[in-house]
Amino acid sequence: QVQLVESGGGLVQPGRSLRLSCQGSGFTLDVYAVGWFRQAPGKDREGVSCINSFDGSADYADSVKGRFTISIDKAKNTVYLEMNSLKPEDTGVYYCAADHRYYGLDLRYDYWGQGTQVTVSS
């Protein structure tokens, strides 16, 4: 059974940081891409960041570039999202997704986690 489990969300004040984790299990083939997506209330899901598991290259949405950093620990089957200088507009449910093909920030991923809530508020 393929599973992706996010953790690390919570309530933080603007300017603070959070580190999200996404741990995968049950894959029969190595994943190619792992992405982070978020969905604010009443808005469409959007790509935040993604990483190529083979070469470590990463893409970021313009809204988070310079503030967020994605990384991967292949030995632990875990991808991280370091979120710094958080803003209220970063609030939303954050999902990780994985696929055996590389889709970048496209939504066409085969596997999705359950999501973790991130709330940025003073």
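Fair warning: this is a prediction, and the values are worked out from it, not measured in the lab.

Enquirer: Give a detailed account of the overall build of the protein chain, specifying residues and quantitative values.
Expert: Within the protein chain, the secondary structure is distributed over 0 helices and 11 strands. Each helix (α) and strand (β) of the protein chain, taken in turn from the N terminus, gives the series β-β-β-β-β-β-β-β-β-β-β. Its C-alpha atoms give the protein chain a radius of gyration of 13 Å, near enough to 14 Å, the size a compact globule of 122 residues would have. Overall size of the protein chain, expressed as C-alpha extent along the three principal axes, is 45 × 25 × 25 Å.

Enquirer: Let's hear about the sheet that holds strand β7 (residues 68-73): which residues, and what values?
Expert: In spatial order, the strands read β1-β3-β8-β7; together these 4 strands make up an open sheet with antiparallel pairing. Two strands close off the open sheet at either side, each with one partner strand: β1 (3-7) and β7. Ignoring strand direction, the axes of neighbouring strands in this sheet form an average angle of 15°. Pairing of strand β3 (residues 18-25) with strand β8 (residues 78-83), which is carried by 6 bridges, proceeds in the antiparallel orientation. Directly across from L18, in β8, lies its bridge partner M83.

Cut-offs used in this document
Residues numbered from 1 in each chain as written. Predicted model: local features only at pLDDT ≥ 70, side-chain atom pairs only at ≥ 80, totals over all residues. Heavy atoms only, no water. Helix = DSSP H or I, 4+ residues; strand = E, 2+ residues; numbered from the N terminus. Rg over C-alpha atoms; globule rule 2.2 N^0.38 Å. Pairing = 2+ DSSP bridges. Axes fitted to C-alpha atoms, helices over the stretch in contact; angles between N-to-C directions.

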